[in-house]
Structures are given as structure tokens and as C-alpha cells.
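Structure at a glance
Residues per chain are reported as follows:
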Amino acid sequence: MSKRWYVVHAYSGFEKHVMRSLKERVKMYGMEERFGEILVPTEEVVEVRDGKRRKSERKFYPGYVLVEMEMDDGTWHLVNETPRVMGFIGGTKEKPAPITQKEADAILRRVKDGSDKPRPKTMFEPGQSVRVIDGPFADFNGVVEEVNYDKSRLQVSVLIFGRATPVELEFSQVEKE
């Protein structure tokens, strides 16, 4: 039998705990050959707090754990009887359906990309209204014209004396309206 990817529904906030518990139970019951990877899909995000850049993790799918496994009665029971697991997603309760290999590859690629280059916690889009909260243009409102995620900077059009003036600001200097 070949291993397939399954999605396990866990209590929200306990995804990492469920992942560790599953890995321990697999070892304890000697089922290592029937299980592959067990992971919580996350990406690194950068946020600015107190003027300092901090990295943190954000879950792609809060409340879910991905498990690569061969599905049979033994593995099904091992996963379902793990504390804080509510069951499998997809298929029926007794016979869960795996996600397609294409979906699994997309999630794994996103996890790899997320750890290679951290993304900002707040995402901006051109045309979006923002409020400047820091710097010489504090308390002005503006519209995002360009976004540069590599440099964490925005080009914002701010109304000064009735004229739209383009201003370059850092992500930390603005907030969404």
C-alpha cells in the first residue's frame, strides 16, 4: 500500500500538540513504516512591534494537521484515538478520503516558500485606503498605489493641500482603514 495525505481535524490552538502526540503514538505502537510526514502547515510572517521587526508563525489552516499515512483499521484507530483529534476531513467517518497529490504538493510548496522568505503579517493591495500612523504624514489618509513586499514599503497617494501627493512609507507607518 502507498502512503497518501490525509487532513486531520484537531482542536484549534492544539495543532502542534496533536502533531507531537501523533508522532509519539506512531513510535509507541511501532507503526513507523505505515506513516510518513506529520505536519502543521505554517509560514513565517514578519511584523513590526515596538519598532522592532519580529518573526512569527502563521498557520495556513488553523485547526488542521496533515498526515501522510497508509489507511487501514490500525492507523485509522491510532489517529482517531489521539487526544484533541476530532476526526478526518473528507470522505465518510469510517472511510476518510485522502487529498489529491496535486493539493498535497501545493501545500508542501507553500510551506517551503513560507520558510524561505517570510511574508508581512499585513497584506496591502493597490487601491486600498490606509491611514498613516507614523512619520511626518501621521493622521493623513491615503490610497495605496504600489506595494513592494521585498522592501516592506508602500507608495501611498496622500491628499496634501487638496493635491494627491505620492509618498513612500514603510508597512509599519500605515494601518488599514
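Cut-off values and rules
- Residues numbered from 1 in each chain as written.
- Predicted model: local features only at pLDDT ≥ 70, side-chain atom pairs only at ≥ 80, totals over all residues.
- Heavy atoms only, no water.
- UniProt positions renumbered as here; feature names shortened; annotations may be inferred.
- Helix = DSSP H or I, 4+ residues; strand = E, 2+ residues; numbered from the N terminus.
- Phe/Tyr/Trp six-rings, centres within 6.5 Å; stacked < 30°, edge-to-face > 60°.
- Buried < 20%, exposed > 50% of the residue type's maximum accessible area, 1.4 Å probe, protein only.
- Pairing = 2+ DSSP bridges.
- Axes fitted to C-alpha atoms, helices over the stretch in contact; angles between N-to-C directions.
- Contact = heavy atoms within 4.5 Å.

1. Things to note about the UniProt feature "domain: KOW" (unreviewed entry) in the chain
- When the UniProt feature table is mapped onto this chain numbering, "domain: KOW" (unreviewed entry) sits at residues 123–150.
- Across residues 123–150, helical content stands at 0% and strand content at 43%; the span's end C-alpha atoms are separated by 12 Å.

2. With respect to the packing of aromatic side chains
- Under the counting rule described, the total for this entry stands at five aromatic pairs.
- Ring centres of Phe 60 and Tyr 61 lie 6.3 Å apart, and the angle between their planes is 65°; on these two criteria the pair is classed as edge-to-face.
- Judged by its relative accessible area of 12%, Phe 60 falls in the buried class.
- A residue is classified by how much of its surface remains accessible, and Tyr 61, at 32% relative accessible area, is partly exposed.

3. A word on the sheet that holds strand E5 (residues 64–69)
- Sheet architecture is open: four strands sit in the order E2-E5-E1-E6, paired in antiparallel fashion. The open sheet terminates on both sides in strands that have one partner only, identified here as strand E2 (35–39) and strand E6 (85–89). Pairs of neighbouring strands in the sheet enclose a mean axial angle of 30°, with direction left out of account.
- Sheet analysis places strand E1 (residues 4–10) next to E5, joined by six bridges and oriented antiparallel. Across the sheet, the residue bridging to Arg 4 is Met 69, located in E5.
- Strands E1, E2, E5 and E6 of the sheet are contacted by helix H1 (residues 15–28), whose axis makes an angle of about 160° with E2.
- Across the face of the sheet, helix H2 (residues 73–80) comes into contact with E1, E2, E5 and E6 while running at roughly 135° to E6.

4. Some words on the sheet that holds strand E11 (residues 163–170)
- Spatial ordering of the open sheet is given by E11-E10-E9-E8-E12, a layout of five strands whose pairing is antiparallel. On the outer flanks of this sheet lie E11 and strand E12 (174–176), each paired with one strand and no other. Put simply, the sheet's adjacent strands are angled 40° from each other on average, direction ignored.
- Inspection of the sheet shows strand E8 (residues 129–132) paired to strand E9 (residues 141–148) by three bridges, in the antiparallel sense. Note on E9: the bridge partner recorded for Ser 129 is Val 143.

5. Focus on the environment of Thr 165
- Mapping Thr 165 onto the fold places it in strand E11.
- Judged by relative accessible area, Thr 165 falls into the partly exposed class, the value being 27%.
- Once residues lying within four places of it in the same chain are set aside, the contact partners of Thr 165 are Val 156, Ser 157, Val 158 and Ile 160.

6. Notes on unusual backbone geometry
- In this structure, Asp 139 takes a positive phi of about 75° despite not being glycine.
- Mapped onto the elements of the fold, Asp 139 is located in the loop between E8 and E9.
- Judged by its relative accessible area of 57%, Asp 139 is exposed.

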